[in-house]
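For reference, the chains in residue letters:
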Amino acid sequence: MRKPFIAGNWKMNKTFDEAVEFIDALSNVPSNDEVESAICAPFIQLKELVDKTQSSQINIGAQNMHFEDAGAYTGEVSAEMLTNIGVKHVIIGHSERRQYFNETDETVNLKTKQAHKNNLVPIVCVGESDKEREAGKAAEVVESQVKLGLEGLTAEQVKATVIAYEPIWAIGTGKSATSADANEMCGVIRKQVAALYSGAVSEKVRIQYGGSVKPENIKEYMACEHIDGALVGGAALKPDSFEMLLAGAL
Ligand code: 3PY
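Residues numbered from 1 in each chain as written. Predicted model: local features only at pLDDT ≥ 70, side-chain atom pairs only at ≥ 80, totals over all residues. Heavy atoms only, no water.

Moving on to the overall build of the protein chain. Counting its regular elements, the protein chain contains twelve helices and eight strands. Against the globule reference of 18 Å for 250 residues, the protein chain gives a C-alpha radius of gyration of 17 Å, in line with a compact fold. For the protein chain, the C-alpha atoms occupy an extent of roughly 45 × 45 × 35 Å along the three principal directions. Counting across all 250 residues of the protein chain, residues that qualify as buried make up 53%. Long-range pairs, those at least 24 residues apart, make up 74% of the contacts in the protein chain between residues at least 6 apart in sequence. Summing over all exposed atoms, the protein chain offers an accessible surface of approximately 11,400 Å²; the carbon and sulfur share of this is 50%. Here the protein chain contributes 25 positive and 35 negative side-chain charges, whose respective centroids are spaced 2 Å apart. (Helix = DSSP H or I, 4+ residues; strand = E, 2+ residues; numbered from the N terminus. Rg over C-alpha atoms; globule rule 2.2 N^0.38 Å. Buried < 20%, exposed > 50% of the residue type's maximum accessible area, 1.4 Å probe, protein only. Contact = heavy atoms within 4.5 Å. Areas by Shrake-Rupley, 256 points an atom, 1.4 Å probe, with all protein chains shown as cover. Lys, Arg positive; Asp, Glu negative; His and termini not counted. Charge placed at Lys NZ, Arg CZ, Asp CG, Glu CD.)

Structural data, given as structure tokens:
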């Protein structure tokens, strides 16, 4: 049995005060044994949110990090800086970072390795564009992203990696993949992990669906064989809506 995992991706939203207000308003977070949950917040809020959630079941994650240990990388944040303040998860290679910040499969791979080296759980994002889907290339694109993103990882590291399938055409558009399409693509990812590693590894790896997930559709996705959770944008910005997503994953 894979433990369900719901992560909120706040993107570049919320002031410091608004972030604290959100955490203070949470009252119904299921036990971490039943549903793993995380809020992936902007860097500037992380330490405060970690401190405020010490006795809560919720984890705090980052939305990015650099792949080097330290050095002359102005404006960047290292994995060690994140673990040092108690951050547990990190999103890697979100399509917005691939699109606007030149993230490539190679940097995704370096960051994923660096996350594991520092005991962070990487949430590695993959997904095809609408053009690629229309051209019938969705599976090919995603298989390649998985292969290159995981290259060089040990089987144990892959088991501890979360892969988020986020079709680009469903991000921030209000359009969502049908649960059947999302499940089919998450199945493609699981099959690729089995081909690269083994069936046993692929049965352990958790795969989230992301793209316009909301309280109204979470249960439908969670009922699918290959979907173990969700990476959620807009619907994770309000405490009551986030709690409904967690309840939907129970
Ligand atoms: C979305 O749901 O829009 C996301 O991009 C989640 O990462």
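Before going further, it helps to spend a moment on the site of the ligand. Residues in contact with the ligand, as listed here, are Asn9, Lys11, His94, Glu166, Ile171, Gly172, Gly211, Ser212, Leu231, Val232 and Gly233. Taking Lys11, its side chain carries an N or O atom lying 2.8 Å from an oxygen atom of the ligand. At a separation of 2.8 Å, an oxygen atom of the ligand approaches a polar side-chain atom of His94. Relative to its free-state accessible area of 230 Å², the ligand is covered by the protein chains to the extent of 96%. (Near = heavy atom within 4 Å. Polar contact = N/O pair within 3.5 Å; in protein donor to acceptor, adjacent residues only side chain to side chain.)

On to the pairing of strand E7 (residues 206-210), then. Of all five residues in E7, five are buried; the element is thus mostly enclosed. Here E7 shows no split at all, with Arg206, Gln208 and Gly210 on one side and Ile207 and Tyr209 on the other all buried. In this structure, strand E6 (residues 162-165) lies alongside E7, joined through four bridges in parallel fashion. Across the sheet, residue Ile163 finds its bridge partner in E7, namely Ile207. As judged from the three bridges shared by E7 and strand E8 (residues 229-232), these two strands associate in the parallel manner. The residue bridging Gln208 from the neighbouring strand is Gly229, located in E8. (Pairing = 2+ DSSP bridges.)

Let us look at the sheet that holds strand E3 (residues 59-62). The strand order around the closed barrel built from eight strands is E1-E2-E3-E4-E5-E6-E7-E8, with neighbouring strands paired in parallel fashion. Ignoring which end each strand starts from, the neighbouring axes of this sheet average 25 degrees apart. Relative to strand E5 (residues 121-126), strand E4 (residues 89-92) runs parallel, the two sharing four bridges. Each bridged residue has a counterpart across the sheet, and for Ile91 the counterpart in E5 is Ile123. (Axes fitted to C-alpha atoms, helices over the stretch in contact; angles between N-to-C directions.)

Where helix H7 (residues 138-150) contacts helix H9 (residues 179-196), the axes come no closer than 10 Å and their chain directions differ by 45 degrees. Relative to H9, H7 is oriented oblique. In the crossing of H7 with H9, the sense of the turn from one axis to the other is right-handed. The segment H7 lies against H9, with Ala138, Ala139, Val142, Glu143, Val146, Lys147 and Leu150 engaging Met185, Val188, Ile189, Gln192, Val193 and Leu196. (Parallel < 35°, antiparallel > 145°, perpendicular 65-115°, else oblique. Left-handed = near helix turned anticlockwise from the far one by under 90°.)

Honestly, that's just the spatial picture; any functional story needs more than this.
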